Amino acid sequence: MSIEDMNMSDIKASTRHISMKGGGYYSKATIGAKDVIDGGTPMILDALAGMDIADTVTPFTMADAGCADGGTSINMIGTVLREVRQRAPSRPIQMVYTDLPRNDFSQVFRNIHGETEADTYLGDIDNLFVFATATSFHQPMFPAGTLNFGFSATASHYISEKPCTISNHVHMVGAEGAERDAYIDQGRVDWESMLSNRAVDLAVGGKLALFNFGIDEEGRYLGSTGGIDMFDTFNEIWSGFRDDGVITSEEYLNTNFPQSYRTVEQFTAPFKDLANPVYQAGLRLEHMETRVVECPYEVDFREHGDPARFAREYIPTLRSWSETTFAAGLSSARPGEERQEILDHYYDAYETRVRENSAGHAMDYVHCYLIVEKV
């Protein structure tokens, strides 16, 4: 199917299915995402050290954009807000969690209010107010000039709409030609739009800490760091379901992750071009680096050596963020129970593959870390 043949209303509607599994599943299954944030906390504190945080009556506002259930960032946010409180003893603090309307915000508040095992910071900081908003980070989220510190991790690779179907794969990293170019261009448009919106949100002197999935200088990306490519495995199993008649050809075509993985050059381009709207809006790149954080389940596997245990522990972290994409590809004409059976069978097939031949399977995290300031 060509880009021109794709119904744009269908493309835009498909992005409504972006969400993480709820009920606390996401943060429990994605230890690696928390490792990324915890490992980047010193970088955030360094950025905070360079900010003027006056002890005024105007609230200091921090945001976690694309927060999921809030569990992966809770320790970092507590550390940052305690530092703000130490530097501004009487200043009101607003902590705002943002994600899409389908997000499990009830779990966010359960984590923050100490109703789970999460190590909440709420009782340690006085004059602190916690809020949530279901506004996409592709749109303005705050009154102009009121955001002091914006944070987002493992979220901005999601694009506002799918520009086309990918005929040969489920993800843009496996796309070719015009289809891949369309995802790259959509990623560029959305990156500049997100940054421009944050430039409006931010107060002068405010900063952003953005930890983004991307393609590093060596061509590595999530689940593809030298072993078996995770997205190729996703595609091989799903296309096998098509070939075996478990799903239709149309359902296979409709299954595309609404994501664009950007290169370092693509991440930094808006800050280098003096004519770019992002640069014109006052955003400046203060720091940039890439890191690979090893898959914690594969690290454990090296110690215990049990393939069945590795497969059993590894698959839920993949399922926590990918299942909604595969579910969205299935026809709504199928009964809900049938759709769930297909999804269960799919992840069982992935688990069997890992159990029977574990070598090379790992979801290493590849991020581009940026600190941005509004001048």
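In what follows, the structure referred to is the one given above.
So, here is what we can say about the structure in this document. Position labels on residues start from 1 in each chain and follow its written sequence. This being a predicted model, a pLDDT of at least 70 is required before a residue's local features are given, and a value of 80 or more before pairs of side-chain atoms are given or counted; all residues contribute to the totals for chains, interfaces and linings. For the side-chain quantities, the full set of heavy atoms in the structure was used; hydrogens and water were omitted.

## Topic: empty space enclosed by the protein
- Cavities and pockets are defined on a 1 Å grid built over the protein atoms alone: a cavity is a set of grid points where a 1.4 Å probe fits but cannot escape, while a pocket is an open set with protein on both sides within 12 Å along at least five of seven lines, and lining residues are those with an atom within 4 Å of any such point. Grid points are joined across faces, edges and corners, and a volume is the space filled by probe spheres set on the points. Scanning all chains against the criterion turns up three cavities of 30 Å³ or more.
- The space that makes up the second largest cavity amounts to roughly 60 Å³.
- Around the second largest cavity, the lining residues are A63, A65, F137, M141, L147, G150, F151, S152, M194, R198, L208 and L210.
- Where the lining of the second largest cavity is concerned, the elements lending two or more residues are β1 (60-65), β4 (147-153), α6 (177-201) and β5 (202-215). Every helix listed is a DSSP run of H or I at least four residues long, and every strand listed is a run of E at least two residues long, numbered separately from the N terminus.

## Thoughts on the packing of aromatic side chains
- Only rings of Phe, Tyr and Trp enter the pairing, Trp through its six-membered ring, and a pair is recorded when the two centres are within 6.5 Å. The plane angle decides the type: under 30 degrees is stacked, over 60 is edge-to-face, the rest tilted. Under the defined criterion, the tally for this structure stands at 25 aromatic pairs.
- Between W191 and F267, the aromatic rings sit 5.1 Å apart at their centres with planes inclined by 80°, giving edge-to-face as the arrangement. Taken together, the residues W191 in helix α6 and F267 in helix α9 (residues 264-272) connect sequence positions 76 residues apart.
- In this scheme, a residue with accessible area under 20% of its type's maximum is buried, one over 50% is exposed, and one in between is partly exposed, where area comes from a 1.4 Å probe on protein chains only. Owing to a relative accessible area of 0%, F267 belongs among the buried residues under this scheme.
- Here the aromatic rings of W238 and Y346 are separated by 5.1 Å at their centres, their planes lie at 85°, and the arrangement is edge-to-face. Residue W238 is located in helix α7 (residues 230-243), and its partner Y346 is located in helix α13 (residues 336-356); the two are separated by 108 residues in the primary sequence. In this structure, W238 and Y346 share a single accessibility class: buried.
- Think of it as a cone above the ring: NZ of Lys or CZ of Arg counts as a charge over the ring if it is within 6 Å of the ring centre and within 35 degrees of the ring normal. Sitting over the face of the ring of Y279, R284 holds its NZ or CZ atom 3.5 Å from the ring centroid.

## Let's talk about helix α12 (residues 307-329)
- To get the bend at any residue, fit one axis to the seven residues that end at it and another to the seven that begin at it, then take the angle between the two axes. Along α12, the largest kink reaches about 55° and is centred on S322.
- We define a polar contact as two N or O atoms separated by no more than 3.5 Å, with the added condition that, inside protein, one atom must be a possible hydrogen donor and the other a possible acceptor, whereas residues neighbouring each other in sequence contribute only through side-chain atom pairs. Taking the backbone nitrogen of A308 as reference, a side-chain oxygen 3.1 Å away marks D306 as the first, capping residue of α12.

## Section: the packing of α7 against α12
- Every axis corresponds to a line fitted to the C-alpha atoms, with the helix fit spanning only the stretch in contact, and the corresponding angles, defined between N-to-C directions, vary from 0 to 180 degrees. Where α7 contacts α12, the axes come no closer than 13 Å and their chain directions differ by 45°. By the angle class used here, α7 and α12 are oblique. You can see that α7 and α12 cross each other, and the crossing is right-handed. Between α7 and α12, the residues in contact are M230, F231, F234 and W238 and L318, W321, S322 and F326, respectively. Should an angle lie under 35 degrees it is considered roughly parallel, over 145 roughly antiparallel, and from 65 to 115 roughly perpendicular; all remaining angles are considered oblique. A clockwise turn of the near helix away from the far one marks a right-handed crossing, whereas an anticlockwise turn of less than a right angle marks a left-handed crossing. Note on contacts: a residue pair is in contact if any heavy atoms of the two residues lie within 4.5 Å.

## Focus: α9
- For α9, the full list of buried residues reads V264, F267, T268, P270 and F271. For α9, the angular spread of buried residues about the axis comes to 150°, placing them on one side. Counted as exposed and oriented over 90 degrees from the buried face of α9: E265 and K272.
- Turning to α9, the residues buried within the fold contact α6, β5, β6 (262-263), α10 (277-280), β7 (283-293) and β8 (365-374). Directions drawn from the helix axis to the C-beta atoms are what define this arc.

## A short note on the packing of α7 against α13
- Between α7 and α13, the least distance of the axes is 11 Å, while the angle of their chain directions is 125°. In terms of orientation, α7 lies oblique with respect to α13. Read as a crossing pair, α7 and α13 show a hand that is right-handed. Residues M230, T233, F234, E236, I237, W238 and F241 of α7 lie in contact with α13, whose contacting residues are I342, H345, Y346, A349, Y350 and R353.
- Three residue categories are used. Nonpolar comprises Ala, Val, Leu, Ile, Met, Phe, Trp, Tyr, Cys and Pro, charged comprises Asp, Glu, Lys and Arg, and polar comprises the others, including Gly. Considered class by class, the residues forming the contact of α7 with α13 number nine nonpolar, two polar and two charged.

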